[in-house]
Amino acid sequence: MTYRVVHRTSYVYESLVSASYGVVYLLPRDTPAQRVVECHVTVTPEPDSYSEHVDFFGNRVANFTVLEGHIELTVTTTSVVDVTARQLPAFGTGPTWENAAEMVRSSDDPDMIDARQFLLDSPSAPVSEAVRAFACESFEARRHLVDVLGDLTGRIYRRFQYKSGVTSLRTTPDELLTLGKGVCQDFAHLQIACLRAYGVPARYVSGYLETLPPPGRPKLIGADVSHAWVSAYLPTMGWVDLDPTNNVFVGERHICTAWGRDYADVSPLRGVIFTEAKSNTMTVSVDVTSLD
């Protein structure tokens, strides 16, 4: 599948902004499952400086500076991406979760050594006793890790209601367990914490979903906005992506922009402004269009 993605973020400030410094994590990255055909970022007013670099996790990052006084700032990322079907693991195959955790912990394979960093706690996905207790039901003794992943994804999907406006960027997995409702980033953080609690490396993935599904297939939750899901490491396969918001293994309808330990590593747009304004209005629109 080939997609065009247009992501536009607009800020309107109540008084003049003398300078804006921004960091953009909205440029899709090349992966085994996708190829970036083209991608560009447009900033209005025109920036005084613009540059791109690759961060520690291999994500493409844009930086800009606007020194012209303004009361409105718009950042638009336009991308064309080819996405291919991923190889999905078969249930009932591969190592048990105990063996997989031991392989990652003790192996000197470079890929497994690299995966170990995603076993550590991160600010938005800390491991707690409540998280460990919630995950315990999926981590049955000697269960295949693939089966654990499918079961945990389904349990999060069934247990929590998708509802925006209830949680914030600072909501923890423990708070989600109490609230019982949240959005895709909350579900991703909970699943990441659950996996790390039992020795499975897990990372946070940001991206998009196809806006209009093929005929006869349901529209997935999270389309038309930025989306988030989870990538778990299987020693026999490498990284496998799961979407707990929709109870699916990630396929050709998901478009990846960046990944990290949690949301804080890959927040779509952040920066610093110099102004006396005490408030602003932010508008975000996302349009994902199939070109096939």
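Read on for an overview of the structure. The shown structure was predicted, so the numbers you read here are calculated from the model rather than taken from an experiment.

A count of helical and extended segments in the protein gives 6 helices and 14 strands. Taken over C-alpha atoms, the radius of gyration comes to 20 Å for the protein, in line with the 19 Å a tight globule of 292 residues would show. If you line up the protein on its principal axes, its C-alpha atoms span 60 × 45 × 40 Å. When burial is assessed residue by residue, the protein has 54% of its 292 residues classed as buried. Long-range contacts, defined as pairs at least 24 residues apart, comprise 74% of the intrachain contacts of the protein with a sequence gap of at least 6.

Once that is clear, we can look at the state of the cysteines. For the coordinates displayed, the defined rule picks out 0 disulfides. With no disulfide partner, Cys136 has as its closest neighbouring cysteine sulfur the one in Cys194, 11 Å distant. Among the residues examined, Cys136 registers a relative accessible area of 43% and is labelled partly exposed. Sulfur of Cys256: no disulfide; nearest cysteine sulfur belongs to Cys39 and is 12 Å away. Residue class for Cys256 comes out buried when judged on its relative accessible area of 3%.

The next subject is a nonpolar patch on the surface. A cluster of nonpolar side chains, namely Tyr21, Leu67, Val272 and Phe274, defines an oily patch on the protein surface of about 380 Å² accessible area. Tracing the backbone shows Phe274 in strand S13 (residues 269–275).

Glancing now at helix H4 (residues 145–159). In this model, H4 (15 residues) spans 21 Å end to end at C-alpha, consistent with the 21 Å of a helix rising 1.5 Å per residue. Of all 15 residues making up H4, 11 are buried, and the element is well covered by its neighbours. Of all the residues in H4, the buried ones are Leu145, Val146, Asp147, Val148, Leu149, Gly150, Leu152, Thr153, Gly154, Arg155 and Ile156. Here the buried face of H4 lies against helix H1 (97–106), helix H3 (129–136), helix H6 (184–197), strand S9 (227–234), strand S10 (238–243) and strand S11 (248–249).

Enumeration according to the criterion identifies 14 aromatic pairs in this entry. Ring centres of Phe91 and Phe249 lie 5.9 Å apart, and the angle between their planes is 70°; this geometry places the pair in the edge-to-face category. Here Phe91, found in the loop between strand S5 (70–83) and H1, pairs with Phe249, found in strand S11; they are 158 residues apart in sequence, far enough to count as distant. Seen in terms of ring centroids, Tyr204 and Tyr263 are 6.3 Å apart; in terms of plane orientation they differ by 85°. Their pairing is edge-to-face. Of this pair, Tyr204 sits in strand S8 (residues 202–209) while Tyr263 sits in the loop between strand S12 (254–260) and S13; the two residues are 59 residues apart in sequence, bridging distant segments of the chain. For Tyr263, a relative accessible area of 18% translates into the label buried. Taken together, the ring pairs connect Phe56, Phe57, Phe118, Tyr233 and Trp239 into an aromatic cluster.

If you walk through the whole model with that rule in mind, you get 8 salt bridges. With a shortest N-O distance of 3.7 Å, Arg60 and Glu52 are connected by a salt bridge. Between Glu210 and Arg253 there is a salt bridge, with the nearest N and O atoms lying 3.4 Å from each other. One end of the pair, Glu210, is in the loop between S8 and S9; the other, Arg253, is in the loop between S11 and S12, with 43 residues separating them in the sequence. Both residues of the pair, Glu210 and Arg253, count as buried.

This next bit is on the environment of Ser138. By the secondary structure assignment, Ser138 is in the loop between H3 and H4. Assessed through its relative accessible area of 0%, Ser138 is described here as buried. A sequence separation of 45 residues divides Ser138 from Val183, and the C-alpha atoms of the two residues are 22 Å apart. Excluding its chain neighbours within four sequence positions, the residues that come into contact with Ser138 are Arg143, Val148, Asp151, Leu152 and Arg155.

The next point concerns the sheet that holds S11. Read across the sheet, 5 strands follow the order S11-S10-S9-S8-S12 without closing on themselves; strand pairing throughout is antiparallel. Each edge of the open sheet is held by one strand with a lone partner, namely S11 and S12. Its contacts with the sheet place H4 against S9, S10 and S11, and it is angled at close to 160° to S9.

Judged by how many residues are buried, strand S4 (residues 60–66) sits mostly within the fold: 5 of 7 residues are covered. Examined bridge by bridge, strand S1 (residues 2–27) and S4 share 6 bridges and lie antiparallel to one another. Paired with Ser20 across the bridge in S4 is Val66. Taken together, the 6 bridges between strand S3 (residues 49–54) and S4 define a ladder with antiparallel strand orientation. What sits directly across from Glu52, in S4, is Ala62. Count of turn residues in the S3/S4 antiparallel hairpin: 5 residues, of which Gly58 carries a positive phi of about 90°.

Scoring rules and cut-offs
Residues numbered from 1 in each chain as written. Predicted model: local features only at pLDDT ≥ 70, side-chain atom pairs only at ≥ 80, totals over all residues. Heavy atoms only, no water. Helix = DSSP H or I, 4+ residues; strand = E, 2+ residues; numbered from the N terminus. Rg over C-alpha atoms; globule rule 2.2 N^0.38 Å. Buried < 20%, exposed > 50% of the residue type's maximum accessible area, 1.4 Å probe, protein only. Contact = heavy atoms within 4.5 Å. Disulfide = S-S within 2.5 Å. Patch = residues over 30% accessible without salt bridge, like charges linked within 9 Å, V, L, I, M, F, W, Y side chains within 5 Å. Areas by Shrake-Rupley, 256 points an atom, 1.4 Å probe, with all protein chains shown as cover. Salt bridge = Lys/Arg side-chain N within 4 Å of Asp/Glu carboxyl O. Expected span 1.5 Å × (residues − 1). Phe/Tyr/Trp six-rings, centres within 6.5 Å; stacked < 30°, edge-to-face > 60°. Pairing = 2+ DSSP bridges. Axes fitted to C-alpha atoms, helices over the stretch in contact; angles between N-to-C directions.

Interpretation note: all reported values are geometric properties and have no functional meaning in isolation.
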